[in-house]
Amino acid sequence: MLKLSAVTKMFGLSTAVNSIDLEIGKGQIVGVIGRSGAGKSTLLRIINRLIDPSEGAIEFDGKTVSDLKGRELRLWRARCAMIFQQFNLVNRLDVLTNVLVGRVATNGTLPILFKQFSAAERTMAAKALDRLNLLPQALQRADTLSGGQQQRVAIARALVQMPDIVLADEPIASLDPHNARLVMEALKAINREDGITVICNLHTLDAARSYCDRIIGLAKGSIVFDGGPEGLTSDVLQRIYGEDGAAPIDESLTAGQFGRPAIGAGAGIASETNPVWA
Ligand SMILES: Nc1ncnc2c1ncn2[C@@H]1O[C@H](COP(=O)(O)OP(=O)(O)OP(=O)(O)O)[C@@H](O)[C@H]1O
């Protein structure tokens, strides 16, 4: 169980995250939605401790993680792997080595510098790539892959961290609909098959509706909605996305690529040749 208690983040005088209380149980897949600047990225980075909260506490399984330092902090970051909109791969390294970079948090940086990985780690990385249908690309430079493939390499890198939580910050914002779907299917599969908790910032409402069990709506750094996709009524959407005194929300502007229903457990990870949503 991940628990945030009265977590606030100030940047100077402005409040990015405002006294958030939140409990997320193991194995949930949670979408975080809200307008640009609502505090979604800041919230994820606080959980991973890339940013320290100004106030409040973060606990995981009863242990406070908001005051961890040094090796303990590094291990916490490994337990809650991050995936970013821009993939954050090392372009000049091959795909397999990029996946092995996920072992840094556990092993330190020296093995990466000298490309020293154990046979067990290489096998783990190859298995992760195979799950993501990327084994044939293992020895290619990362920058020869498409955006969707690169994001799936980032998911494989997260997997070798053996995380409890995956934090995905706008993972599909740079992708076309087809690749966006492959990436969301991969996140759903690691959630369903491995029990990894997934917390995912999303720009599009239909992605949140199609793939998330629970949706958290943020506005001006505060939680204004917390519930299932069915609770996203037009009033709720107005609360999340609306501006005071502005016209009602046009939902078509925040939707568009995930018209089909969510995939259930055990559907496997999709690939270009195995579109499990079809
Ligand atoms: N490092 C920073 N320094 C100063 N202000 C920041 C910093 N990071 C974020 N902010 C501010 O905090 C607020 C929340 O930003 P955040 O990036 O978390 O929003 P978001 O909901 O993720 O937006 P987007 O969807 O555009 O990425 C914004 O007003 C932003 O300008």
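Reading the values: rules and limits
- One numbering rule holds for all chains: residues counted from 1, following each sequence as written.
- This being a predicted model, a pLDDT of at least 70 is required before a residue's local features are given, and a value of 80 or more before pairs of side-chain atoms are given or counted; all residues contribute to the totals for chains, interfaces and linings.
- Excluding hydrogens and water, the side-chain figures rest on all heavy atoms present in the structure.
- In this scheme Phe, Tyr and Trp rings, the latter by its six-membered ring, pair at centre separations within 6.5 Å, and the angle between planes marks the pair as stacked below 30 degrees, edge-to-face above 60, and tilted otherwise.
- Numbered from the N terminus, helices here are DSSP runs of H or I no shorter than four residues, and strands are runs of E no shorter than two.
- Accessible area is worked out with a 1.4 Å probe on protein chains only. A residue is then buried under 20% of its type maximum, exposed over 50%, and partly exposed in between.
- Note on terminology: near, applied to a residue and a molecule or strand, indicates that one of the residue's heavy atoms is within 4 Å of it.
- Throughout this description, a polar contact denotes any pair of N or O atoms lying within 3.5 Å of each other; where both atoms belong to protein, one of them has to be capable of donating a hydrogen while the other can accept it, and for residues adjacent in sequence the pair is counted only when both atoms sit in side chains.
- With residues, only the protein chains shown are counted as cover, and all accessible areas are computed by Shrake-Rupley using a 1.4 Å probe.
- For every residue, the pLDDT score states the predictor's confidence, bounded by 0 at the bottom and 100 at the top.
- In this description, contact between two residues means that some pair of their heavy atoms is separated by no more than 4.5 Å.
- A pair is scored as a salt bridge if a Lys or Arg side-chain nitrogen falls within 4 Å of a carboxyl oxygen belonging to Asp or Glu.

Trainee: Quick one: what's the story with the packing of aromatic side chains, residue by residue and with numbers?
Mentor: Evaluation of the coordinates by the stated rule reveals 1 aromatic pair. On the numbers, 5.4 Å between centres and 50° between planes, the contact of phenylalanine 60 with tryptophan 76 is tilted. Of this pair, phenylalanine 60 sits in strand β4 (residues 55–60) while tryptophan 76 sits in helix α2 (residues 70–79); the two residues are 16 residues apart in sequence, bridging distant segments of the chain. An identical accessibility class is assigned to phenylalanine 60 and tryptophan 76; each is buried.

Trainee: Run through the site of the ligand, naming residues and quoting values.
Mentor: The local shell around the ligand consists of Phe11, Ala16, Arg35, Ser36, Gly37, Ala38, Gly39, Lys40, Ser41, Thr42, Glu170 and His203. Between the ligand and alanine 38, the relevant distance is 3.1 Å, taken from an oxygen atom to a main-chain nitrogen or oxygen of the residue. Interatomic distance of 2.8 Å between a backbone N/O atom of serine 41 and an oxygen atom of the ligand. Considering the ligand on its own, with 630 Å² of exposed area, one finds that the protein chains cover 57% of that surface. With 3 residues, helix α1 (residues 40–48) is the largest single contributor of residues to the shell around the ligand.

Trainee: For the confidence of the model for the chain, give the residues involved together with the corresponding values.
Mentor: Averaged over the chain, the pLDDT score is 88; the fraction of residues at 70 or greater is 84%. Mean pLDDT values for the elements of the chain range from 61 in helix α5 (residues 110–113) up to 98 in strand β3 (residues 29–33). For residues 260–267, every residue scores under 50 in pLDDT, and the model assigns this stretch 14 contacts once sequence neighbours within four places are set aside. Low pLDDT (under 50) marks residues 273–278, which in the prediction has 16 contacts with non-local residues, meaning those over four places away or in another chain.

Trainee: Hey, could you go over the pattern of salt bridges for me, with residue numbers and the actual values?
Mentor: Scanning the model with the defined rule gives 10 salt bridges in all. Residues glutamate 72 and lysine 63 are paired through a salt bridge, measuring 3.5 Å at the closest nitrogen-oxygen approach. Residue classification places lysine 63 among the partly exposed positions, given a relative accessible area of 46%. Salt-bridge contacts for arginine 79 lead to aspartate 164; the nearest nitrogen and oxygen are separated by 2.6 Å. Of this pair, arginine 79 sits in helix α2 while aspartate 164 is found in the loop between α7 (147–160) and β7 (165–169), placing the two residues 85 residues apart along the sequence. The exposure class assigned to arginine 79 is partly exposed, which follows from its relative accessible area of 35%. The exposure class assigned to aspartate 164 is partly exposed, which follows from its relative accessible area of 23%. Ionic contacts of the salt-bridge type, sharing partners, join the residues Arg131, Glu193 and Asp194 into one network.

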